[in-house]
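# Residue-level structural notes
Spelled out, the chains give:
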Amino acid sequence: METPATFNARLVSTSFERVCRIYVRGSDLIFIQNAGLSTTAEAVAIHFGLVGALIGALLKKRAKQKAEAASQLAGQQEPEQLLREHKDNFKVYIPEIRDSTIEPPAFFQLHGKQAGRWNFTLRDGKKMRFEFETTDEMKTALNLLPQLLNATLKVNVEWDETKKRFQKIKHQL
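Residues numbered from 1 in each chain as written. Predicted model: local features only at pLDDT ≥ 70, side-chain atom pairs only at ≥ 80, totals over all residues. Heavy atoms only, no water.

## A word on the overall build of the chain
- Looking only at helices and strands, one finds four helices and 10 strands in the chain.
- The linear arrangement of helices and strands in the chain, starting from the amino end, is β-β-β-α-α-α-β-β-β-β-α-β-β-β.
- When the 173 residues of the chain are sorted by exposure, 38% land in the buried category.
- A separation threshold of at least 6 residues defines the contact pool for the chain, and within that pool the share at least 24 residues apart is 51%.
- Summed over all atoms, the accessible surface of the chain reaches about 11100 Å², with 54% contributed by carbon and sulfur. (Helix = DSSP H or I, 4+ residues; strand = E, 2+ residues; numbered from the N terminus. Buried < 20%, exposed > 50% of the residue type's maximum accessible area, 1.4 Å probe, protein only. Contact = heavy atoms within 4.5 Å. Areas by Shrake-Rupley, 256 points an atom, 1.4 Å probe, with all protein chains shown as cover.)

Written out as structure tokens, the structure reads:
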């Protein structure tokens, strides 16, 4: 089985957030939800002080084990097969992406630590926002997405070697 080009990113919406494994398959991007700690479980853990911290630690450990098991299983299956396994998994036909940008992390990071963001708009007007949790994931996306999205992708980031993070491109006049 061919190993597909992949990276992880957190899909962020006003009503939910979830980490997806994004597979590049021909002219499609396949978004598979990763198993992990739900935002509801995180919120419960935060609101109950010390007891909540203990509960949160147990939930995070369990979620990590579940995510590792799911990741191993996912590595043994074709993305097309994984697509049918959960109602929140979906596929985007790359020519349907009207415009997209890769940006540095937001100043106010409301959804946890991030290395950068990827936003895109589909031809039907639907907007999607993703956040990269690690610089490695963002670097992988920066290697894959420009060749796939061509003129529809605007890259607004550059690597700052001294700060060891992505920052907005400094335009030279």
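## Section: the environment of Ala151
- Mapped onto the elements, Ala151 comes out in the loop between α4 (135–149) and β8 (153–155).
- Taking the C-alpha atoms as reference points, Ala151 and Ser100, 51 residues apart in sequence, are found 9.3 Å from one another.

## A few points about the sheet that holds strand β5 (residues 97–103)
- Pairing in this open sheet of eight strands is mixed, and the strands run β4-β3-β2-β1-β7-β6-β5-β8 from one edge to the other. Both edges of this open sheet fall to β4 (90–93) and β8, since each of them pairs with a single strand only. When strand polarity is set aside, the average angle formed by the axes of neighbouring strands in this sheet is 25°.
- In this sheet, strand β7 (residues 127–132) lies alongside strand β6 (residues 116–122) in antiparallel orientation, the contact comprising six bridges. When the sheet's bridge partners are listed, Asn119 is paired in β7 with Arg129.
- Along the sheet face, α4 touches β1 (5–12), β2 (17–25), β3 (28–33), β5, β6, β7 and β8 and points at about 105° away from the line of β1. (Pairing = 2+ DSSP bridges. Axes fitted to C-alpha atoms, helices over the stretch in contact; angles between N-to-C directions.)

## As for the environment of Ile32
- You can see Ile32 is positioned in strand β3.
- Residue Ile32 is classed as buried on the basis of its relative accessible area, which comes to 6%.
- Each C-alpha atom of the pair Ile32 and Lys87 lies 9.8 Å from the other, and the pair is 55 residues apart in sequence.
- Ile32 has contacts with Val19, Cys20, Arg21, Tyr23, Pro79, Leu82, Leu83 and Asn89, leaving out every residue within four places of it along the chain.

## Digging into the pattern of salt bridges
- Taken as a whole, this structure holds nine salt bridges when the rule is applied.
- Glu103 is paired through a salt bridge with Arg117; the nearest N and O atoms lie 3.3 Å apart. With Glu103 in strand β5 and Arg117 in strand β6, the pair connects residues that are 14 residues apart, well separated along the chain.
- Note that Arg129 is salt-bridged to Glu131, the shortest N-O span being 3.2 Å.
- Using a relative accessible area of 32% as the deciding quantity, one classes Arg129 as partly exposed.
- For Glu131, a relative accessible area of 2% translates into the label buried. (Salt bridge = Lys/Arg side-chain N within 4 Å of Asp/Glu carboxyl O.)

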